[in-house]
Amino acid sequence: LARLILGVHQKDNEQECTKHKQAIENSAFAKKADIIIIATATSEDQSDDEIDRLPNEVAFHRGNSPNARIIVFGVNRLPFDPPTFYLLKAGSPLINAQMYGLNRSKRSYINELVREAAHKVEAQYFDFYSLLCNNKAKECLVTDEQGNLLYDDDNHWTFAGEKYFGALSLENGLLDFKP
């Protein structure tokens, strides 16, 4: 499985973004990708910009890697920085439950917009937020069963988080989607 992980936070016309695109265009690895995952880093204050850029981003990757399946991840950004929250709550074992519900309705709304945008450009959509924040348990996963933090900040995983969420995503059908 060839994969490309790219995080671009700048507008499409900025110099840094152009450098990222050129690096991808020149990468033999990227051209051979079987699957490209576009992880939206959308927050409340930039949701329209991020969603408006999705069609261009999908078109760029399809042009560069025409045989790759493109999967768009929904929002994985938490409402509060978990390490800071963890420190403020003195390492509380209830941190997962305390994180649940903080601005949840806005994130659910943004995910629905991302789902619709992915559908319009015929890309697959993976609802990661439903895995992250479980309605039945009423908690958002910030720590694992051993109490290890899964996030470095509000949207970047720790090494433990990469292993945990990678396995969780695979168990929940990330690669089972059909075009």
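Residues numbered from 1 in each chain as written. Predicted model: local features only at pLDDT ≥ 70, side-chain atom pairs only at ≥ 80, totals over all residues. Heavy atoms only, no water.

**Q** Honestly, helix α6 (residues 104–120) in this entry has me stumped. Any pointers?
**A** Along an α-helix, residues three or four positions apart point the same way, because every turn accommodates 3.6 residues. The end-to-end C-alpha distance of α6, which contains 17 residues, comes to 25 Å, matching closely the 24 Å that a straight helix rising 1.5 Å per residue would cover. For α6, the full list of buried residues reads R104, R107, I110, N111, V114, A117 and A118. One side of α6 carries all its buried residues, which in axial view fall inside an arc of 140 degrees. Along α6, exposed side chains directed more than 90 degrees from the buried face belong to S105, H119 and K120. Once α6 ends, the next one or two residues include E122, with phi positive near 55 degrees. (Helix = DSSP H or I, 4+ residues; strand = E, 2+ residues; numbered from the N terminus. Expected span 1.5 Å × (residues − 1). Buried < 20%, exposed > 50% of the residue type's maximum accessible area, 1.4 Å probe, protein only. Arc of directions from axis to C-beta.)

**Q** Sorry, what's going on with the nonpolar core here?
**A** For soluble globular proteins, the rule of thumb is that nonpolar side chains tend to be buried together. Core analysis: the largest hydrophobic core is formed by 21 residues, its most contacted members being L78, F126, F128, L132, Y151 and F165. Contributions of two or more residues to this core are made by β3 (69–73), α5 (95–99), α7 (128–132) and α8 (159–171). If you tally residues by element for this core, the top one is α7, at four residues. Setting aside residues no more than four positions away along its own chain, F128 makes contact with F73, G74, V75, N76, Y151, W157, F165 and S169. Ranked by size, the runner-up nonpolar core spans 17 residues in total, among them V75, I110, V114 and Y125. (Core = buried A, V, L, I, M, F, W, Y, C linked by side-chain atoms within 4.5 Å. Contact = heavy atoms within 4.5 Å.)

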